[in-house]
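# A look at the structure
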Amino acid sequence: MLNIPTQAFPAPGSQQRVAPSGQSGRNKVALKPGHSLMDWIRFSKSGKDLTGLRGRLIEVTKEELQKHNTRDDCWTCIRGMVYNVTPYMDYHPGGEEELMKAAGMDGTDLFDQVHRWVNYESMLKECLVGRMATITTKAAMPPPSAMGLAPPQLLAPPPDKDSRPRYDWFQTDVAVHLVVYAKRKIPSSGCTIVDLKGGVLRLEVLLGKMSYMIHLSLADEVEGNLEANTGFSVGKIQISIRKQAKGKWTSLGQPLESHNTFLRKKDRALYYRDCVLVSKTEVNHNSHVFRLQLPRGTVMHVPVGKHVYLKALIKDTEVVRPYTPVDQSLAAASHNSSQESDLYLMIKVYPDGVFTPHLSSLHIGDCVSISGPEGTFSLRPLHDVTHLYLLAAGTGFTPMARLIQQALQDTDTMRKTKLLCFNRREEDILWRCELDDLAANTDRFQVEYVLSDPCDSWSGRTGRVEESMLEEFLTRPEGSKCYVCVCGPTAFTEITIGLLKQQGFSEEELHAFQG
């Protein structure tokens, strides 16, 4: 879980974002047997002294931190806390080279670039050395200017006041209505997430890379349900909440932390809500669609191409994993309704894994903690695309499912959508019947399957991704505009992107997810 990225960010192979490049900033390495995440959890709970300090916590100076910068003695600092990550070296999925980039120094920025969602406090609790020592210095006063003391200079100017979203409210005897004016069109990648719980209203509006938040303790008691309406073209969001008792409010409520703030999305802390498992539907021999119901008072729509994080406490360690929602089926049209109440997640269960066996063990009615939408994928580059090519390996199919639906709804410019699915065996193919039915009913969609370990009766494509296969599959008709999305294991994504670039596809024509 602690995976320090390279300085080059965004890592195009990262599932946290879709990036127009195939050179991954965080490569997974083959771990030695007995060095999985579950093995690390067991080892860290074994009672061994992982810090070398026999349970003592110390205050660490910058000079002391810098001394511990070798493979056999590696300390790093994250948000003011110092950890001895030496014991974690052999368990780190990114390899020791990635960890060593933060050796003997503050690794907070490097860590946040890829893994701000990880609960490192839980993962590295037994490796805690202590807190960084604070240094108090007397600030030198600048000389007064001719007109008095010069105003302080801001390191980063705040957003233009005129461009900041704002909000207002009005009421009737039976309801209160909150209106947010985004002061811009809300992009297709934007959305509104509302959580109403215990009289506290939390509303987050995602506008590209920015996040606007309203966070209030409401003035009086309200009903648990609410209605949210978004005018994407006019940039207006209205939230309507019924009062529990008729009457006039003198105010909407009291502001809470981060109220009325407009920040970069990556600087906003993740917020989780508990969703109820409603059903598990078998897709194939090792994959299911988990249907999760949002809590009462929550409205959240996950835009196409975005993912959410699932969080669980496993053996006293908090584990987080990203998953891309699908629709209930390929026949269920993707839409932008803000009144979604269920999420559908197609998940392959790995018997020797850490997180998926936990999910598989859940019973109907159990809860799962889920974040809001994450990622930077935008449908904007697809607006004038005529040919969309999707290359997916294994569960890398999941972000492609809603992209297929979105492309087929675009009858103005999108002439052809082609999907090439890579799997090991025929029984591993996800939603094969639905894909075949879709291809049979529209000539604008085509699907082909590639198996690396086929049975004797298989008559389709075989092997692994290679140059001649892509040349045959990705045709570029005269006058067309093509776009290619790739998703699968890291090695698959990197090889595929490299081959596509050799064939002349530019970075602007490519998007790489990591499956």
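See the structure printed just above.
Values in this document were obtained by computation on a predicted structure and should not be read as measured data.

Close approach of charged atoms allows side chains with opposite charge to pair. Within the structure shown, the criterion is met by 23 salt bridges. We note a salt bridge from E426 to R432, for which the minimum N-O separation is 2.6 Å. Among the residues examined, R432 registers a relative accessible area of 26% and is labelled partly exposed. A salt bridge links E509 to R476, with the shortest nitrogen-to-oxygen separation between them at 2.6 Å. One end of the pair, E509, is in the loop between helix 10 (490-502) and strand 28 (510-512); the other, R476, is in the loop between helix 9 (467-473) and strand 27 (482-487), with 33 residues separating them in the sequence. Judged by its relative accessible area of 16%, E509 falls in the buried class.

Pairing in this open sheet of seven strands is antiparallel, and the strands run 19-18-22-15-16-21-20 from one edge to the other. Each edge of the sheet is formed by a strand with only one pairing partner; in this case those strands are strand 19 (317-323) and strand 20 (325-326). Of the pairings in the sheet, the one linking strand 16 (residues 287-293) to strand 21 (residues 342-348) comprises seven bridges and is antiparallel in character. Across the sheet, L292 pairs through a bridge with L343, a residue of strand 21. In this fold helix 1 (residues 37-44) packs onto strand 18 (308-314) and strand 19, with an angle of close to 165° to the strand it touches most, strand 19.

Of all twelve residues making up helix 7 (residues 398-409), ten are buried, and the element is well covered by its neighbours. Those residues of helix 7 lying buried are T398, P399, M400, A401, R402, L403, I404, Q405, A407 and L408.

In this section: the environment of I404. Secondary-structure assignment places I404 in helix 7. C-alpha of I404 to C-alpha of L438: the two residues are 34 residues apart in sequence and 10.0 Å apart in space.

Attention now goes to the packing of aromatic side chains. Tallied over the full model, the rule gives twelve aromatic pairs. The interplanar angle of 80° and the centroid separation of 6.2 Å between the aromatic rings of F397 and W431 together place this pair among those described as edge-to-face. In this pair, F397 is assigned in the loop between strand 23 (387-393) and helix 7 and W431 in the loop between strand 24 (416-423) and helix 8 (432-441), connecting sequence segments 34 residues apart. The class for F397 is buried, based on a relative accessible area of 1%. Residue classification places W431 among the buried positions, given a relative accessible area of 10%. By way of ring pairs, the aromatic residues W40, F43, Y88 and Y91 are connected into one cluster. Stacked on the ring of Y272, the Lys or Arg K311 has its end atom at 4.1 Å from the ring centre. When the ring centre of F473 is taken as origin, the NZ or CZ atom of K418, which lies over that ring, is 4.6 Å away.

With that settled, consider the state of the cysteines. Applying the stated criterion across every chain yields a total of zero disulfides. Looking at the unpaired C487, the closest cysteine sulfur is the one in C485, lying at 9.4 Å. Taking relative accessible area as the criterion, C487 reaches 3% and is therefore assigned buried.

A few words now on the pairing of strand 3 (residues 73-78). Across a regular strand the side chains alternate sides, sitting on one face of the sheet and then on the other. Within strand 3, five of the six residues are buried, which leaves it mostly tucked inside the rest of the structure. Here two bridges tie strand 2 (residues 69-70) to strand 3, and the two strands are oriented antiparallel to one another. Note that in strand 3 the partner of N69 across the bridge is C74. Hairpin geometry of strand 2 and strand 3 is characterised by an intervening segment of two residues between the two adjacent antiparallel strands. Pairing analysis gives four bridges linking strand 3 to strand 4 (residues 81-84), with the strands arranged antiparallel.

Bringing the environment of G460 into the picture now. Considering the arrangement of structural elements, one finds G460 in the loop between strand 25 (445-451) and strand 26 (461-462). Residues G460 and Y449, spaced eleven residues apart in sequence, show a C-alpha to C-alpha distance of 6.7 Å.

What tends to happen in soluble globular proteins is that the nonpolar side chains get buried as a cluster. Among the nonpolar cores identified, the biggest contains 46 residues, and W40, L310, F355, L359 and I370 are the most heavily contacted of them. In contact with L310, not counting residues within four places along its chain, are V319, V320, R321, Y323, L345, F355, L359, V368, S369 and I370. Listed in part, the 37 residues of the second largest apolar core include L382, L419, L430 and Y449.

Here the focus is the sheet that holds strand 25. Strand order in this open sheet of six strands is 26-25-24-23-27-28, and the pairing throughout is parallel. Both outer strands of the open sheet, strand 26 and strand 28, are each paired with one neighbouring strand and no more. Contacting strand 23, strand 24, strand 27 and strand 28, helix 10 runs over the sheet at an angle of about 160° to strand 27.

About the cut-offs
- Residues numbered from 1 in each chain as written.
- Predicted model: local features only at pLDDT ≥ 70, side-chain atom pairs only at ≥ 80, totals over all residues.
- Heavy atoms only, no water.
- Salt bridge = Lys/Arg side-chain N within 4 Å of Asp/Glu carboxyl O.
- Buried < 20%, exposed > 50% of the residue type's maximum accessible area, 1.4 Å probe, protein only.
- Helix = DSSP H or I, 4+ residues; strand = E, 2+ residues; numbered from the N terminus.
- Pairing = 2+ DSSP bridges.
- Contact = heavy atoms within 4.5 Å.
- Axes fitted to C-alpha atoms, helices over the stretch in contact; angles between N-to-C directions.
- Phe/Tyr/Trp six-rings, centres within 6.5 Å; stacked < 30°, edge-to-face > 60°.
- Lys NZ or Arg CZ within 6 Å of the ring centre and 35° of its normal.
- Disulfide = S-S within 2.5 Å.
- Core = buried A, V, L, I, M, F, W, Y, C linked by side-chain atoms within 4.5 Å.

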